[in-house]
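An overview of the molecular structure
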Amino acid sequence: MTQAMAVPVADGLTDVAESAARPRRQPPYAVVLHNDESVDINFALDTLRVVFGFGADRAAELVTRVHETGRAVVWSGMREHAELKAEQISSRTGDPGIHAGRRPRLTVSVEAMPG
């Protein structure tokens, strides 16, 4: 007869079958904003305030990080929510009057975070 192996947990021991039955937690996903010199900084600031509800200081901090490093994580959480936020960012377009007649979009990606 085979016995199930026991694994330690905070409140004692549980068998492997019980621990294997627990759902695995999904790793967090990051919404990453990428630098694009052709996009007006005010458009980027406004987009972060509208999509995420950030205050002016937080939006400025993130846009500065994007400008200085080429990218910044602007939000993280469940994959579906990250994809929604990325879509909201990419669906906003800038003022064509400021951008030589074109409607620029911010460059954004969704990436799995180490978990």
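Residues numbered from 1 in each chain as written. Predicted model: local features only at pLDDT ≥ 70, side-chain atom pairs only at ≥ 80, totals over all residues. Heavy atoms only, no water.

Turning our eyes to something else, we now look at the pattern of salt bridges. One pass over the full model with this rule turns up six salt bridges. The salt bridge involving R65 is made with E61; its shortest N-O contact spans 3.1 Å. Of this pair, R65 and E61 both sit in helix α3 (residues 56–69), separated by four residues, roughly a single helical turn. We classify R65 as partly exposed; its relative accessible area is 35%. (Salt bridge = Lys/Arg side-chain N within 4 Å of Asp/Glu carboxyl O. Helix = DSSP H or I, 4+ residues; strand = E, 2+ residues; numbered from the N terminus. Buried < 20%, exposed > 50% of the residue type's maximum accessible area, 1.4 Å probe, protein only.)

Below, the discussion takes up the sheet that holds strand β3 (residues 29–34). Within a beta sheet, neighbouring strands are joined by backbone hydrogen bonds and run either parallel or antiparallel to one another. Strand order in the open sheet formed by three strands is β4-β3-β5, with antiparallel pairing between adjacent strands. Both outer strands of the open sheet, β4 (71–77) and β5 (107–112), are each paired with one neighbouring strand and no more. Sheet twist, expressed as the average angle between the axes of neighbouring strands with direction ignored, equals 25°. Across six bridges, the pairing between β3 and β5 is antiparallel. Note that in β5 the partner of V32 across the bridge is S109. (Pairing = 2+ DSSP bridges. Axes fitted to C-alpha atoms, helices over the stretch in contact; angles between N-to-C directions.)

This part covers α3. Note on helix geometry: an α-helix contains 3.6 residues per turn, so any two residues three or four positions apart are oriented the same way. For α3, built from 14 residues, the straight-helix expectation of 20 Å at 1.5 Å per residue is met to within 8% by its first-to-last C-alpha distance of 20 Å. The elements touched by buried residues of α3 are β3, α2 (41–52) and β4. A positive phi of about 95° marks G70, the residue just after α3. (Expected span 1.5 Å × (residues − 1). Contact = heavy atoms within 4.5 Å.)

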